[in-house]
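One-letter residues, chain by chain:
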Amino acid sequence: MLPIPDHRIKSRRYTFTCFAAVLLTLSSCATGSKTQTQAARRGVVADKAMVVSAHPDASNIGLEILRKGGNAYDAAIATQFALAVCYPVAGNIGGGGFLVYRQHTGETGALDFREKAPSAASRDMYLDSLGNVIPDLSLLGHLAAGVPGSVDGMVKIHEKLGSLPFAELVQPAIDLARRGVVLTERETRMLNNAKAQMLAHNKHTPYLVNRQADWQPGDKLYHLDLARTLERIRDKGRDGFYTGETADQIVKEMQRGGGLISHKDLLAYNAVWREPIKGQYKDLRIISMSPPSSGGIALLQLLTMVEPYDLKAYGWQQAPTIQLMTEAKRRVYADRATYLGDPDFYKVPVSGLLDQNYLKTRMSNVSLDQATASSEIKAGEVPIYESDQTTHFSIVDQFGNAASITTTINGGYGSMVVVEGAGFLLNNEMDDFSAKPGIPNMFGLIGGEANAVQPSKRMLSAMTPTIIEKAAKLYMVVGTPGGSTIITSVFQTILNVVEHGMTMQEAVAAPRFHHQWLPDEIQHEPDAISPEVRAILESKGYKLKQRNRYGAVEGILVLPNGKLEGGADPRGDDKAVGY
Ligand code: DON
């Protein structure tokens, strides 16, 4: 075990408060941060119920459902369908995702509505005759799409956990689609950037493209085909998507563009209830997503690996804190590349990966004097027991139920393919498979056998929708998009609150850093690491690389007085609303 050096660095909490004020857009620095109460640095605080999502229209629709007596799961379904309309870059009915839930009774569970490979998919489908990966084939166009899971997911959530009629939960999204959505500056930029690729990968002109001119902030986007598709889902549930007109439209679209999704694949798609991953960090009980997401296992591995160290005393974004978190991340992502995949196809050694002794041994060669080289790290010898652009939203209702949902079409606007006549984008989730062992995917992640393409298999995910209990009561609901960085962003956000005393809003806004074993570098947001700390880290052999801001963490924290604090990520148009 690494000895805790006695030259601990004093916490720089107040320095941080000023440092990150630009991001936080809170007024803490201007008014003299030391005298600031934590209350002034909080996000939106509500008495009873809260929705935090990536778009104000979706958050408001979710809240409306809660106000009229719906529960967190009703609100989640309404928010998911609303995001499919107002946030097409990631919100979807053409993608998939995961729900982690905790009911007010304490019952927990998870729904896997991850996309599946079409039955005609094959291991080497993205390789040329020489065995090389064909650039972009798993990323753009019809072959990139997996069989969508979101609609079956929403139907299954409703069957088990919903309380209001399903039609009432889909209707607000239909109304929004017909009323039109006002484009924000950010969305305008993203849509205009995607224009050329959308034109290249569709035979028709998708309605998301403005052919005449670029979109301008304030323009209204009407989703009329999507409104009709949503009406079919409203009236027929899963049959409104997986059979009949919508299914015909998807299959026709596949035929037009050489894709593989068939009627049989759509009929066979089935979201699956799974046991969430559960474990302890100090006095907190972590409940997170199980395989086919790597998120829950990786998050618990990370938390367990840093638990013995006094990160609070080392201080936020100080060299030893960054080193310990980085060394844990390096080891965890190496395990991920070897051991994680769809549990229906590959036996993931869950207990072994979470074994306390195993994780202790993994950290035993960490030194604060010198970085470990990733080339020296391989997946661990896991003990075998008998027995592999996104959006997140967090909801807590007036009854104390919680829903944590991360949903995705993978890249921004997914495969860029809009199903003609049906008005929605198909995912490019096939890129989350390992197209070839050792060759990185879009997020630089590598994998092997566990996550190889197989017919009807689910591709490995990093999505980490998480719920945390403290003293057997609900404490936090959290998650984020960000591909490979999802796991480390959730990890960092939890530590920001638990170890560094931040409010929920501060924790989601704070600048982040990431390491994923390979490439062997600490990737960090522009203001995440001070020049002094950077110099220390570099002197110990760490490579640092600045990158654009990433992720959009949406969190809800239950305050000691029982009120709810929403943390909406200021990196986007994200919004916390409550009552
Ligand atoms: O499931 C996964 O891990 C990825 N498809 C998530 C993609 C993502 O977060 C992109 N958004 N920024």
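Only a predicted model underlies this, so the values are computations on that prediction, with no experimental measurement involved.

## What about the packing of helix α12 (residues 295–306) against helix α16 (residues 356–363)?
The description of two helices packed together rests on the angle between their axes and the distance between the axes.
Okay, so step 1: For the pair α12 and α16, interaxial distance at closest approach is 9 Å and the crossing angle is 65 degrees. Classified by the interaxial angle, the pair formed by α12 and α16 is roughly perpendicular. By crossing handedness, the relation of α12 to α16 is classed as right-handed. Across the interface between the two elements, Gln-301, Thr-304 and Met-305 of α12 pack against Gln-356, Tyr-358, Leu-359, Arg-362 and Met-363 of α16.
Okay, so step 2: Each residue belonging to the contact of α12 with α16 can be placed in one class, and the counts come to 4 nonpolar, 3 polar and 1 charged.

## Some words on the packing of helix α6 (residues 166–179) against helix α8 (residues 224–236)
Okay, so step 1: Across the interface, α6 lies against α8 with an axial gap of 9 Å and an inter-helix angle of 170 degrees. Classified by the angle between their axes, α6 and α8 sit roughly antiparallel to one another. Each of Phe-166, Ala-167, Val-170, Gln-171, Ala-173, Ile-174, Ala-177 and Arg-178 in α6 lies in contact with α8, whose residues at this interface are Leu-224, Ala-227, Arg-228, Leu-230, Glu-231, Ile-233 and Arg-234.
Okay, so step 2: Residues belonging to the contact of α6 with α8 are distributed by class as follows: 10 nonpolar, 1 polar and 4 charged.

## Let's talk about unusual backbone geometry
Okay, so step 1: A cis geometry characterises the amide bond from Pro-291 onward to Pro-292, with omega recorded as 20 degrees.
Okay, so step 2: The omega torsion across Leu-518 and Pro-519 is -5 degrees, close enough to zero to call that bond cis.
Okay, so step 3: Within the secondary structure, Pro-519 sits in the loop between β14 (513–514) and β15 (522–524).
Okay, so step 4: Of note in this structure, Tyr-413 is not a glycine but carries a positive phi near 60 degrees.
Okay, so step 5: The phi angle at Trp-517 is positive, at roughly 75 degrees, despite the residue not being glycine.
Okay, so step 6: Structurally, Trp-517 can be placed in the loop between β14 and β15.
Okay, so step 7: Trp-517 sits in the buried class, given a relative accessible area of 10%.

## Focus: the environment of Ala-462
Okay, so step 1: Mapped onto the elements, Ala-462 comes out in the loop between β11 (402–408) and β12 (466–470).
Okay, so step 2: Of the residues examined, Ala-462 reaches a relative accessible area of 8% and is grouped as buried.
Okay, so step 3: Taking C-alpha positions, Ala-462 is 8.8 Å from Gly-482, a pair spaced 20 residues apart along the chain.
Okay, so step 4: Leaving out residues up to four positions away in the same chain, Ala-462 has contacts with Ser-293, Ser-294, Gly-295, Arg-336, Gly-483, Ser-484, Ile-486 and Ile-487.

## Notes on α16
Note: α-helices contain 3.6 residues per turn, so residues at a spacing of three or four share the same orientation.
Okay, so step 1: Taken as a whole, α16 has its buried residues at Tyr-358, Leu-359, Arg-362 and Met-363. Down the axis, α16 shows its buried residues gathered within 135 degrees of arc, on one side only. Turned more than 90 degrees off the buried face of α16, the exposed positions are Gln-356, Asn-357, Lys-360 and Thr-361.
Okay, so step 2: Turning to α16, the residues buried within the fold contact α12, α14 (319–339) and α15 (350–353).
Okay, so step 3: By the N-cap criterion, in which a side-chain oxygen at the helix start approaches the backbone nitrogen of a residue two or three places on, α16 is capped by Asp-355, the distance to Asn-357 being 3.0 Å.

## Here's the deal with the pattern of salt bridges
Okay, so step 1: Across all of its chains, the model carries 33 salt bridges by this definition.
Okay, so step 2: For Asp-152, the salt bridge goes to Arg-238, with nearest N and O atoms at 3.1 Å. Taken as a pair, Asp-152 in helix α5 (residues 150–161) and Arg-238 in the loop between α8 and α9 (239–242) lie far apart in primary sequence, 86 residues in all.
Okay, so step 3: Its relative accessible area of 1% is what places Asp-152 among the buried residues.
Okay, so step 4: In this structure, Lys-195 and Asp-214 form a salt bridge, with 3.4 Å as the shortest nitrogen-oxygen distance. Here the residue Lys-195 occupies a position in helix α7 (residues 185–200), and Asp-214 occupies one in the loop between α7 and β6 (220–221), the gap between them amounting to 19 residues.
Okay, so step 5: Residue classification places Asp-214 among the partly exposed residues on the basis of a relative accessible area of 39%.

Basis of the calculations
Residues numbered from 1 in each chain as written. Predicted model: local features only at pLDDT ≥ 70, side-chain atom pairs only at ≥ 80, totals over all residues. Heavy atoms only, no water. Axes fitted to C-alpha atoms, helices over the stretch in contact; angles between N-to-C directions. Helix = DSSP H or I, 4+ residues; strand = E, 2+ residues; numbered from the N terminus. Parallel < 35°, antiparallel > 145°, perpendicular 65-115°, else oblique. Left-handed = near helix turned anticlockwise from the far one by under 90°. Contact = heavy atoms within 4.5 Å. Nonpolar A, V, L, I, M, F, W, Y, C, P; charged D, E, K, R; others polar. Buried < 20%, exposed > 50% of the residue type's maximum accessible area, 1.4 Å probe, protein only. Arc of directions from axis to C-beta. Polar contact = N/O pair within 3.5 Å; in protein donor to acceptor, adjacent residues only side chain to side chain. Salt bridge = Lys/Arg side-chain N within 4 Å of Asp/Glu carboxyl O.

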